[in-house]
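# Remarks on the overall topology
Spelled out from the first residue to the last, the chains are:
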Amino acid sequence: MGRSIVLNSSGKAVQNYGDVSRETLERLRIYVDLVLKWQPAQNLIAPSTIPEIWTRHVADSLQTQWSYPEAKTWVDVGSGGGFPGVVTAILLAEDPDAHVHMIESNQRKAAFLRTALRETGSSGTVHAGRIESVAKEWPHGSVDAVSARALASLDLLFQLSEPFTVTGAKAVFHKGQDFQREVNEASARWHFDMIEKISVVDPESRMLLFSNISNRPE
């Protein structure tokens, strides 16, 4: 990915090296403030990670869009509090051709996601429903890339994203130190090309980039 970003523990001062514009940084700050404001009622992130929100969540989520910088239309499945969906939308906010679709079944979290997009001036649509139902009949055009973070096993992620990847969409999934076991298990049911990237946030974690995903015939 070739990207680097340095964030302080409070999140109020961020230094970057040509990758994050001043406008993007301001949108990220607005978003983080919203997460912290809604956190007591919504539990958007694990409470233990609040002090590290800029590294554990923001910087980690920046890697999603960086994985496929040419992708314009994204689908983020199981968006939760918006990591990485809202962060991807923020990074693409200055591109008039870009759009991020976020699928989230929790109605209250979906309301938060809509607020985050509006307050940060980012282009996106929130689909409040189960991933299987929303993806089954997709009327919103072609998709370039699918993302997910801390959602499900790799095998299940391939199932959930199949309506998009079957038409050529690529995928990027954040995975922890047990990623190789998940890859091995998914290989029994799926064909795919994979690029493995070490996370810039945690050297034990990986960004797994997939293309040419297809189900193995039984």
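Residues numbered from 1 in each chain as written. Predicted model: local features only at pLDDT ≥ 70, side-chain atom pairs only at ≥ 80, totals over all residues. Heavy atoms only, no water.

### Regarding the pattern of salt bridges
Test applied: Each reported salt bridge corresponds to a side-chain nitrogen of Lys or Arg within 4 Å of a carboxyl oxygen of Asp or Glu. Counting from the N terminus, the helices are DSSP H or I runs at least four residues long and the strands are E runs at least two residues long.
In total, this model carries twelve salt bridges according to the counting rule given. Measuring nitrogen to oxygen at the nearest pair gives 3.1 Å for the salt bridge that ties Arg 189 to Asp 155. Placement of the pair is Arg 189 in the loop between helix H7 (179-187) and strand S8 (190-198) and Asp 155 in helix H6 (residues 154-165), with a sequence separation of 34 residues. Among the ionic contacts, a cluster of salt bridges with common partners joins Asp 178, Arg 181 and Glu 185.

### Section: the packing of helix H1 (residues 22-42) against helix H4 (residues 107-120)
Packed helix pairs are specified by the crossing angle of their axes together with the interaxial distance, meaning the distance between the axes. Defined as follows: The axes are straight lines fitted to the C-alpha atoms, using for helices just the contacting stretch, and the angles between their N-to-C directions are given from 0 to 180°. An angle below 35 degrees is read as roughly parallel, one above 145 as roughly antiparallel, one from 65 to 115 as roughly perpendicular, and any other as oblique. By definition, any crossing whose near helix is turned counterclockwise from its far helix by less than a right angle is left-handed, and any crossing with a clockwise turn is right-handed. Note on contacts: a residue pair is in contact if any heavy atoms of the two residues lie within 4.5 Å.
In the contact formed by H1 and H4, the axes pass within 10 Å of each other and the chain directions differ by 155°. Between H1 and H4, the interaxial angle falls into the category roughly antiparallel. Crossing angle aside, the handedness with which H1 passes H4 is right-handed. Only Arg 108, Lys 109, Ala 111, Phe 112, Thr 115, Ala 116, Glu 119 and Thr 120 of H4 make contact with H1, whose side of the interface consists of Arg 27, Ile 30, Tyr 31, Leu 34, Val 35, Trp 38, Ala 41 and Gln 42.

### Examining the packing of aromatic side chains
Using the following cut-off: Stacked, tilted and edge-to-face pairs are distinguished by plane angle, under 30 degrees for stacked and over 60 for edge-to-face with tilted covering the rest, among Phe, Tyr and Trp rings (Trp via its six-membered ring) whose centres lie within 6.5 Å. Each residue is assigned to one of three classes by its accessible area relative to the maximum for its type, calculated with a 1.4 Å probe on protein chains only: buried under 20%, partly exposed between the two thresholds, exposed over 50%.
Taken as a whole and judged by the stated rule, the model has ten aromatic pairs. Relative to Phe 210, the ring of Phe 192 lies with its centre 5.3 Å away and its plane at 90°, an arrangement referred to as edge-to-face. Of the two residues, Phe 192 is situated in strand S8 and Phe 210 in strand S9 (residues 206-215); the sequence distance between them amounts to 18 residues. For the pair Phe 192 and Phe 210, a shared accessibility class is recorded, and that class is buried. Among the aromatic residues, those joined into a ring-pair cluster are Phe 158, Phe 173, Trp 190, Phe 192 and Phe 210.

### With respect to the sheet that holds strand S7 (residues 170-175)
In a beta sheet, neighbouring strands are held together by backbone hydrogen bonds and run either parallel or antiparallel to one another. Filter applied, for reference: When DSSP finds two or more bridges between a pair of strands, those strands are recorded as paired.
What the seven strands build is an open sheet, ordered S5-S4-S3-S6-S7-S9-S8; its pairing is mixed. A single partner strand is all that each edge strand has here, and the edge strands are strand S5 (124-128) and S8. Shown here is a sheet whose adjacent strand axes are inclined to one another by a mean of 20°, direction ignored. Pairing geometry for strand S3 (residues 73-77) and strand S4 (residues 99-104), over five bridges, is parallel. Looking across to S4, one finds that Val 77 is bridged to Ile 103. Here H4 sits on the sheet and contacts S4 and S5; the angle it forms with S5, its principal contact strand, is near 170°.

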